[in-house]
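Residue strings, one per chain:
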Amino acid sequence: MQQRSQSSQIRFKKMISYLVMSLIGLVLLMPLLWMVFTSLKPMEEIVRYPPTFFPEEINIANYWETINAFPFWQYAKNTLFITILVVMGNVLSNSFIAYGFAKLAFPAKNLMFALVLSTMMIPGFVTMIPQYVLFSKIGWVGTYLPLIVPAFFGSAFNIFLMRQFYLSVNNELIEAAKMDGANHLYIWSRLMIPLTKPALITIAINAFNGAWNDFLGPLLYIQNQEQYTLQIGLQVFQNQSTTQWNYLMAGATLVLLPTILLFFVAQRYFIEGMDLTGGSKG
């Protein structure tokens, strides 16, 4: 009887926990649901008072009107081009740099790693003007280079994340590979990368979200309208005339959709990759 009572209490506590987490999740999803439902409403229903949450009339044509209202596919292609290169740069550079900090021995390694981590305390707005002046001096303003090239030089948090995973890999694996004649480049690319796939996928997801949703970077450096990204294109579309909230919400939903799909597809690896202990490998 006592065991049944304890198991019933455990089930009840779990049920309460799931209920509370579901309610919190629903509250957090409300802005997203409002955006999606607004994108399906006609303009007359949106401006109606009192407002309605669920659309009384579902209007899928809002999405087609939005796509045809501005060069959506051209801006999507530009955004995808930048995003793919940024993801590649982040995955390659952060994993390569972290391997050096985790598995190589060189003078002042800990001091250099501490300096890398200290850069996380510098707000991005502090370096914005110096970076713009630098890119302007070398003639990169008006191109995609300021948005892409920095991704190939690593970031402090991603280096720290990858280093934690590399430290969890047994050094005996590396020594065995060295005895077989493998160099560090071969060990990093053929041995370490497959063992740290969750962390790499986490970095790729974060890089994708940052590049795909970046507004300030393209606003600063892109001058030609044909090179606009989706974020800039939506802002220009909003400023062209009186705001059509149904079209704007439809555009925002289309822009957000790849990010949501990517997270659902790779969420298992994302959760594993955020385990900063790295687990036990090898």
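Residues numbered from 1 in each chain as written. Predicted model: local features only at pLDDT ≥ 70, side-chain atom pairs only at ≥ 80, totals over all residues. Heavy atoms only, no water.

**Digging into helix H9 (residues 171-179)**
Two or three places before Glu 172, at the opening of H9, Asn 170 has a side-chain oxygen 3.0 Å from that residue's backbone nitrogen. Looking one or two residues past H9, Gly 181 carries a phi angle of roughly 95 degrees, positive in sign. (Polar contact = N/O pair within 3.5 Å; in protein donor to acceptor, adjacent residues only side chain to side chain. Helix = DSSP H or I, 4+ residues; strand = E, 2+ residues; numbered from the N terminus.)

**Some words on the packing of helix H4 (residues 72-103) against helix H5 (residues 109-118)**
Their axes nearest at 10 Å, the elements H4 and H5 cross at an angle of 140 degrees. Taken together, the axis directions place H4 and H5 in an arrangement best described as oblique. Crossing handedness for the pair H4 and H5: left-handed. Note on element contacts: H5 touches H4 through Lys 109, Met 112, Phe 113 and Val 116, opposite Gly 100, Phe 101 and Ala 102. (Axes fitted to C-alpha atoms, helices over the stretch in contact; angles between N-to-C directions. Parallel < 35°, antiparallel > 145°, perpendicular 65-115°, else oblique. Left-handed = near helix turned anticlockwise from the far one by under 90°. Contact = heavy atoms within 4.5 Å.)

**With respect to the environment of Leu 256**
The residue Leu 256 is located in helix H14 (residues 245-273) in this model. Look at Leu 256 and you get partly exposed, because its relative accessible area is 26%. Linking Leu 256 and Lys 197, residues 59 residues apart in sequence, is a C-alpha distance of 25 Å. Apart from the residues lying within four places of it in its own chain, the contact partners of Leu 256 are Leu 32 and Met 35. (Buried < 20%, exposed > 50% of the residue type's maximum accessible area, 1.4 Å probe, protein only.)

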